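# Chain and residue survey
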Amino acid sequence: MTRERAVVPEAEFRSYYGRPVLKPPVWHEPHMPTYLYLGGMSGASSAIAVMARLTGRPRLDRTARVAAAAGASLGAALLAAELGRPERFLNMLRIFKPTSPMSVGSWILAAQSGLSAAAMTGDLTGVLPAAGDAALLATGVTGPLTATYTAVLVADTAVPAWHEAYRELPFLFAGSAMAAAGAIAMLGTPRAHAGPARAVAALGAATETVAGEVMERRLGFVGEPYRTGRAGRLLRAARALTVGGGLLAVVAGRSRALTALAGVALTAGSLCTRFGILEAGRASAADPKYTVVPQRRRLDAASTPAPDGDDLHAGRLTHDAGSDSDGPHAAHLTRDAGS
Amino acid sequence: MAERMGFFTDTSVCIGCKACEVACKEWNQIPDDGFVFEATSYDNTGMLGASTWRHVAFIEQSRPVLAGDDEGVDRWLMSSDVCKHCTHAACLDVCPTGALFRTEFDTVVVQADICNGCGYCVPACPYGVIDRREGDGRAWKCTMCYDRQLGGLEPACAKACPTDSIQFGPLDELRERAEERVTRLRADGNEEARLYGESPGDGVGGAGAFFLLLDEPEVYGLPPDPVVTTRDLPAMWRWAGAAALSAAGAVALAFLGPSRGGGRR
């Protein structure tokens, strides 16, 4: 797959000895990206389990219930291990805070873990099957939320490559989650029963690919970290694995080998996507040009319309003391005052 | 609620003595952040972090000297950076535990006994101020000496500053004083003097700690036009909601077609 560097003029900018303006995300590998994978896989598996239950596919239903429960609980354990103070994990649930995607996400994940575990237990043990089914239906809501809230989690930061991608990231994550869940479901279900899992996987791979493509095109300069360095390599691998796995998933019903190949490729693709996204965020925060250049352009664009504005970034420089006007025109103040 | 308190850091009179860094370290008992030789100027702390709550930047600017070919240091800029205590603080918005809170002085403070080190505040800050301390596991940053303020004292850095480059007081008063100062400097021919973070109309709703700078903010390592990330949060949730619905719809779509549940094998 060839990929020329985008035609963006070499960014000129000033900085403090090339030091980053932002702090890069402190989240660790493999914890954070593996959680992103597991959470997505769990969420989409719940959606598969619900549909399998509703359409009377018990084999697929069981596999997806187990995958959903395992993914959510393993993911939650990884998140706890990721904390600087893991013993304070429950502090996540001491408040509910709508302005914090991590707070909202903690509650979503708590619900998803509990409900998916109940849904699995009900199915495997046969104890209180109705309660298990009720829990399963509830995961029809928490599942898709678990698979997509993580996009808001990373986008709601100052990291330019993440923040500016807030439109496409949820679709990218949802697609990656569907591909991952479809892969696990097709690997864990007899081929004759795994038709919908293969379809989910293929649809997910297509969604992820399209969302990723749209994102990189729209972001341009700010999206450079997705194309370069280690993140670029991971995401190119992810793209190849996801596209290949998605295409294989379409025909994977024909043989066990094809199923295995497709499932492994899609799983690896989803993991590469998650590692690549984290790495791109780090690279985006670490280079001050991604922070400074778009902000400087924004300021310059805002100050241009001022007809005879100060040549030193009029919009920024000054504002009327005690006045609530802070538009570009306030810039004349200091000149007047100075003369 | 008491009056909103703030810092006005007038870098035009900063002499780079780092008394603020030292006073901050001593009062707040912040651990060593390493003896690093940056080889850039007299800056050996680099940037604000979990164990550096005041950071003095040194900028040596050289320009071609018109008379000859030699490039000499034209001027030094020195500036003591600090947490901005934003009106719309991203760190505070995204903190999932409530460890970060807004005090009665309208400052933003981390409660060390609540923070579980999730690290979310770190990439959320548009200024790269707050950080997680390795070994300790929790997030730390300037408190504007909350404890001293409660005792009616000014923060240690402002107290120690020998040139009054760091001024502490009610934010409204500081803004007036800063406006007078920048007007004066510009009248004296210092055309590059500008205020940074003083406007309630900026992307963070105005900073509780603002600056008078003598060059563009990015030269000091400051973002030229920071915006609180949570400003776009409602839109983010809308896009995520659309994606969640689409995913649910796509999975449902995948199940269309003949049911094989009770069928073969």
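Remember, predicted model here, so these are calculated numbers, not experimental data. (Residues numbered from 1 in each chain as written. Chains lettered and ligands numbered in written order. Predicted model: local features only at pLDDT ≥ 70, side-chain atom pairs only at ≥ 80, totals over all residues.)

The next point concerns the overall build of chain B. The number of helices and strands found in chain B is seven helices and ten strands. With the C-alpha coordinates aligned to their principal axes, the bounding extent of chain B is approximately 90 × 55 × 40 Å. When burial is assessed residue by residue, chain B has 54% of its 265 residues classed as buried. Sequence separation of 24 or more characterises 61% of the internal contacts of chain B that already satisfy a separation of 6 or more. (Helix = DSSP H or I, 4+ residues; strand = E, 2+ residues; numbered from the N terminus. Buried ≥ 20, exposed ≤ 12 C-beta atoms within 10 Å, placed from the backbone. Contact = placed C-beta atoms within 7 Å.)

Turning next to the UniProt feature "binding site: [4Fe-4S] cluster 1" (unreviewed entry) in chain B. Residue and element names in this part refer to chain B. Here the UniProt feature "binding site: [4Fe-4S] cluster 1" (unreviewed entry) sits at C14, C17, C20 and C161. The annotated residues occupy 148 residues of the chain but converge on a single region, no pair of C-alpha atoms lying more than 10.6 Å apart. With 16 C-beta atoms packed within 10 Å, C17 lands in the partly exposed category. For C20, the location among the structural elements is in helix α1 (residues 19-28). Residues in contact with C20, not counting those within four places in the same chain, are R54, V56, S80, C157, A160, C161 and I166. (UniProt positions renumbered as here; feature names shortened; annotations may be inferred.)

If you look at the interface, chain A gives 84 residues, while chain B gives 73 residues. Of all the secondary-structure elements, those providing two or more residues to the side of chain A that touches chain B are α1 (31-54), α3 (101-125), α4 (129-155), α6 (169-187), α7 (195-219), α10 (288-303), α11 (314-317) and α12 (332-338) of chain A. Looking at the side of chain A that touches chain B, the element that brings in the most residues is α4(A), giving eight residues. Residue composition of the side of chain A that touches chain B, by class: 49 nonpolar, 21 polar and 14 charged. (Nonpolar A, V, L, I, M, F, W, Y, C, P; charged D, E, K, R; others polar.)

Attention shifts here to α1(B). For α1(B), the buried fraction is high: seven of the ten residues fall into the buried class. Downstream of α1(B) by one or two residues, B:Q29 has phi in the positive range, about 50 degrees.

What follows deals with the packing of α1(A) against α4(A). Residue and element names in this part refer to chain A. Interhelical geometry of α1 versus α4 gives an angle of 145 degrees and a closest axis separation of 7 Å. Along this stretch, α1 crosses α4, giving a crossing that reads as left-handed. Contacts between α1 and α4 involve L36, G39, G40, S42, G43, A44, S46, A47, A49, V50 and R53 from the former and D133, L136, L137, T139, G140, T142, G143, P144, T146, A147 and T150 from the latter. (Axes fitted to C-alpha atoms, helices over the stretch in contact; angles between N-to-C directions. Left-handed = near helix turned anticlockwise from the far one by under 90°.)

To continue, consider the UniProt feature "binding site: [4Fe-4S] cluster 2" (unreviewed entry) in chain B. Residue and element names in this part refer to chain B. What UniProt calls "binding site: [4Fe-4S] cluster 2" (unreviewed entry) maps, in this numbering, to C24, C142, C145 and C157. A maximum C-alpha distance of 10.6 Å is found for the annotated residues, which run over 134 residues; spatially they form one tight group. Checked against the element boundaries, C142 lands in the loop between β7 (139-140) and α4 (146-150). For C142, a count of 27 C-beta atoms within 10 Å gives the class buried. Residues within four places of C142 in sequence aside, it is in contact with W53, V82 and C83. On the secondary structure map, C145 appears in the loop between β7 and α4. Apart from residues lying up to four places away in sequence, C145 is in contact with W27, P155 and A156.

The end-to-end C-alpha separation of α7(A) is 36 Å, in line with the 36 Å expected for 25 residues at 1.5 Å each. A:G220 sits one or two residues past α7(A) and shows a positive phi near 60 degrees. (Expected span 1.5 Å × (residues − 1).)

Right, let's get into unusual backbone geometry. In this structure, the amide linkage connecting A:E29 to the following residue, A:P30, adopts the cis form with an omega of 0 degrees. Checked against the element boundaries, A:P30 lands in the segment before α1. Its identity is not glycine, yet B:D106 carries a phi of approximately 65 degrees, on the positive side. For B:D106, the location among the structural elements is in the loop between β4 (100-102) and β5 (108-110). Overall, the presence of 17 C-beta atoms within 10 Å leaves B:D106 in the partly exposed class.

Moving on, we get to the sheet that holds strand β10 (residues 209-213) of chain B. Residue and element names in this part refer to chain B. Taken in spatial order, the four strands make up an open sheet running β8-β1-β10-β9, and their pairing is mixed. Only two strands of the sheet have a single neighbouring strand rather than two, namely β8 (166-170) and β9 (194-196). Ignoring strand direction, the axes of neighbouring strands in this sheet form an average angle of 20 degrees. Direction of pairing for strand β1 (residues 5-10) relative to β8: antiparallel, over a ladder of five bridges. Bridging across to β8, F8 finds its partner in Q167. (Pairing = 2+ DSSP bridges.)

Residue and element names in this part refer to chain A. Where α7 contacts helix α8 (residues 229-251), the axes come no closer than 8 Å and their chain directions differ by 150 degrees. Taken together, the axis directions place α7 and α8 in an arrangement best described as roughly antiparallel. In terms of crossing hand, the pair formed by α7 and α8 is left-handed. Across the interface between the two elements, R198, A201, A202, A205, A206, E208, T209 and G212 from α7 touch R239, T242, V243, G245, G246, A249 and V250 from α8. (Parallel < 35°, antiparallel > 145°, perpendicular 65-115°, else oblique.)

Looking along a regular strand, one sees the side chains alternate between the two faces of the sheet. All names here are of chain B. Here β10 lies mainly inside the structure; five of its five residues are buried. Neither face of β10 is open: one carries A209, F211 and L213, the other F210 and L212, and all of them are buried. With three bridges connecting them, β9 and β10 associate as antiparallel partners. Its bridge partner lying in β10, Y196 is registered against F211.

Let us look at the nonpolar core. In summary, soluble globular proteins display a tendency toward joint burial of nonpolar side chains. Counting residues in each nonpolar core, the largest one holds 186 residues, and the members touching the most others are A:I48, A:M178, A:A201, B:C91 and B:A247. When residues of this core are assigned to their parent elements, the largest contribution, 14 residues, is made by α6(A). Not counting chain neighbours up to four residues away, the residues in contact with B:A247 comprise A:A44, A:A47, A:P144, A:A147, A:T148, A:A174, A:A177 and A:M178. (Core = buried A, V, L, I, M, F, W, Y, C linked by C-beta atoms within 7 Å.)

So, about the confidence of the model for chain B. All names here are of chain B. The pLDDT averaged across chain B works out to 93; a share of 92% of its residues lies at or above 70. Within the model, pLDDT remains below 50 along residues 259-265, and this stretch shows 15 contacts once partners closer than five positions in the same chain are excluded. If you check the scores for this complex, the pTM reads 0.90 and the ipTM reads 0.93. (pLDDT = per-residue confidence, 0-100.)

Structurally, B:I130 can be placed in the loop between α3 (121-124) and β6 (131-132). Using a count of 28 C-beta atoms within 10 Å as the deciding quantity, one classes B:I130 as buried.

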